[in-house]
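Take a look at the letters that make up each chain.
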Amino acid sequence: MENIRTARNKGGRPAKIDSERSTVKLNCWVTPVENNRIQAKYLQIKAGKKLPFAQFLKQLVLSEKQTKGQKPDELLLTIIINLQERGRQLQAITDLIEERKESDQSIVKTKISEELLRIQTTIEQITTWLYES
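Residue numbers here run from 1 along each chain, matching the order of that chain's written sequence. For a predicted model such as this one, the threshold for reporting local features is a pLDDT of at least 70, and the threshold for listing and counting side-chain atom pairs is 80 or more; totals across whole chains, interfaces and linings nevertheless cover every residue. With hydrogens and water set aside, each side-chain value is computed from the structure's full complement of heavy atoms.

S.K.: Teacher, can you tell me more about the overall build of the protein here?
M.R.: A count of helical and extended segments in the protein gives four helices and zero strands. A run of H or I in DSSP counts as a helix once it spans at least four residues, and a run of E counts as a strand once it spans at least two, with each numbered from the N terminus. Taken from the N to the C terminus, the helices and strands of the protein come in the order α-α-α-α. Per-residue burial for the protein yields a buried fraction of 13% across its 133 residues. When the accessible area of the protein is evaluated, it comes to approximately 12,600 Å², of which 55% is carbon and sulfur surface. For every residue, the accessible area obtained with a 1.4 Å probe (protein chains only) is divided by the maximum for its type, and the residue is called buried under 20%, exposed over 50%, and partly exposed between those limits. Using a 1.4 Å probe, the Shrake-Rupley method yields the accessible areas, and only the shown protein chains count as cover for residues.

What follows is the structure in structure tokens.
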């Protein structure tokens, strides 16, 4: 008798496509304090689940919550405060110049007035963006 082979599909998981393969390795150095914090967070998130440490690190790196900067509102308020302080300083300089009555006061006074106007316009624009959005 002849052995007749039947065509069977191989079992198992289908092969990954190239774009899904993990082929790039990232390395970084951390301080002992940072390492302890990462390890503690891993243990907290793992909490009885089967979660490989490498997968946890990958999630940690790719999560967008890690990039914490100032909120736009806080940043705008900080800018307003700094501009207002600069305006107060320029106004104090203008007051001193007027008291002294120096010969070049008109040029300096004009420049300071222009700068104060620019500061005021910027503060008004930022306030509008901040409170109307």
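Let us keep going from here.
S.K.: Help me out: how do you make sense of the packing of aromatic side chains in this one?
M.R.: The geometry of an aromatic ring pair is captured by two quantities: the separation of the ring centres and the angle between the planes. Note on ring pairs: Phe, Tyr and Trp rings are taken, using the six-membered ring of Trp, and paired if centres are within 6.5 Å. Classes follow the plane angle, with under 30 degrees stacked, over 60 edge-to-face and the rest tilted. On inspection of all chains with the given rule, the structure shows three aromatic pairs. Ring plane angle 55° and centroid distance 5.3 Å describe the contact between Tyr42 and Phe56, whose orientation is recorded as tilted. Residue Tyr42 is located in helix α1 (residues 32-46), and its partner Phe56 is located in helix α2 (residues 53-62); the two are separated by 14 residues in the primary sequence. With a centroid separation of 6.0 Å and an interplanar angle of 35°, the aromatic rings of Phe53 and Phe56 are classed as tilted. Of this pair, Phe53 and Phe56 both sit in helix α2, separated by three residues, roughly a single helical turn. The buried category is assigned to Phe56, whose relative accessible area is 2%. Among the aromatic side chains, those forming a connected cluster through ring pairs are Tyr42, Phe53 and Phe56.

S.K.: What should I look at first to understand the nonpolar core in this one?
M.R.: The tendency in soluble globular proteins is for nonpolar side chains to be buried side by side. In this text, buried Ala, Val, Leu, Ile, Met, Phe, Trp, Tyr and Cys residues form a nonpolar core when linked through side-chain atoms within 4.5 Å. In this structure, Leu76, Ile80, Leu83, Leu90, Ile97, Ile112, Ile119, Ile123, Ile126 and Leu130 together form the largest nonpolar core, which totals ten residues. At the level of secondary structure, the elements contributing two or more residues to this core comprise α3 (72-100) and α4 (105-132).

S.K.: Explain a nonpolar patch on the surface here, please?
M.R.: Patches were defined on residues exceeding 30% relative accessible area and lacking a salt bridge, with like-charge contacts within 9 Å and nonpolar side-chain contacts (Val, Leu, Ile, Met, Phe, Trp, Tyr) within 5 Å. Whenever a carboxyl oxygen of Asp or Glu lies within 4 Å of a side-chain nitrogen of Lys or Arg, that contact is scored as a salt bridge. Taken together, Val24, Leu26, Val61 and Leu62 make up a surface patch of nonpolar side chains, about 480 Å² in accessible area. Secondary-structure assignment places Val61 in helix α2.

S.K.: Just checking my understanding: could you explain the pattern of salt bridges for this structure?
M.R.: A pair can form between side chains of opposite charge whenever their charged atoms are brought close. Applying the stated criterion to the full structure yields five salt bridges. Its salt-bridge partner being Asp18, residue Arg21 comes within 2.6 Å of it at the nearest N-O pair. Between Arg118 and Glu115 there is a salt bridge, and its shortest N-O distance comes to 2.7 Å. In this pair, Arg118 and Glu115 both sit in helix α4, three residues apart, roughly one turn of the helix. For Glu115, a relative accessible area of 18% translates into the label buried. Overlapping salt bridges, with partners in common, bring together Arg86, Glu114, Glu115 and Arg118 in one network.

S.K.: How should I be thinking about the packing of α1 against α2 in this particular structure?
M.R.: Packed helices, taken two at a time, are described by the angle their axes make and the gap between the axes. Axes here refer to lines fitted to C-alpha atoms; in helices the fit is confined to the stretch in contact. Angles between the N-to-C directions go from 0 to 180 degrees. At a closest axis distance of 11 Å, the pairing of α1 and α2 adopts a crossing angle of 105°. Considered as vectors, α1 and α2 are oriented roughly perpendicular to each other. Residues Ile38, Gln39, Lys41, Tyr42 and Ile45 of α1 lie in contact with α2, whose contacting residues are Phe53, Phe56, Leu57 and Leu60. Split into classes, the residues belonging to the contact of α1 with α2 amount to seven nonpolar, one polar and one charged. An angle counts as roughly parallel when it lies under 35 degrees, as roughly antiparallel when it exceeds 145, as roughly perpendicular when it falls between 65 and 115, and as oblique in every other case. Any two residues whose heavy atoms approach within 4.5 Å at even a single point are treated as in contact. Throughout, the ten residues Ala, Val, Leu, Ile, Met, Phe, Trp, Tyr, Cys and Pro are labelled nonpolar, Asp, Glu, Lys and Arg are labelled charged, and all others, Gly among them, are labelled polar.

S.K.: Explain the environment of Phe56 to me, please; I cannot follow it from the model alone.
M.R.: Here the alpha-carbon distance between Phe56 and Lys41, two residues 15 residues apart in the chain, equals 9.5 Å. Ignoring sequence-local partners within four residues, the contact set of Phe56 consists of Ile38, Lys41, Tyr42, Ile45 and Leu51.

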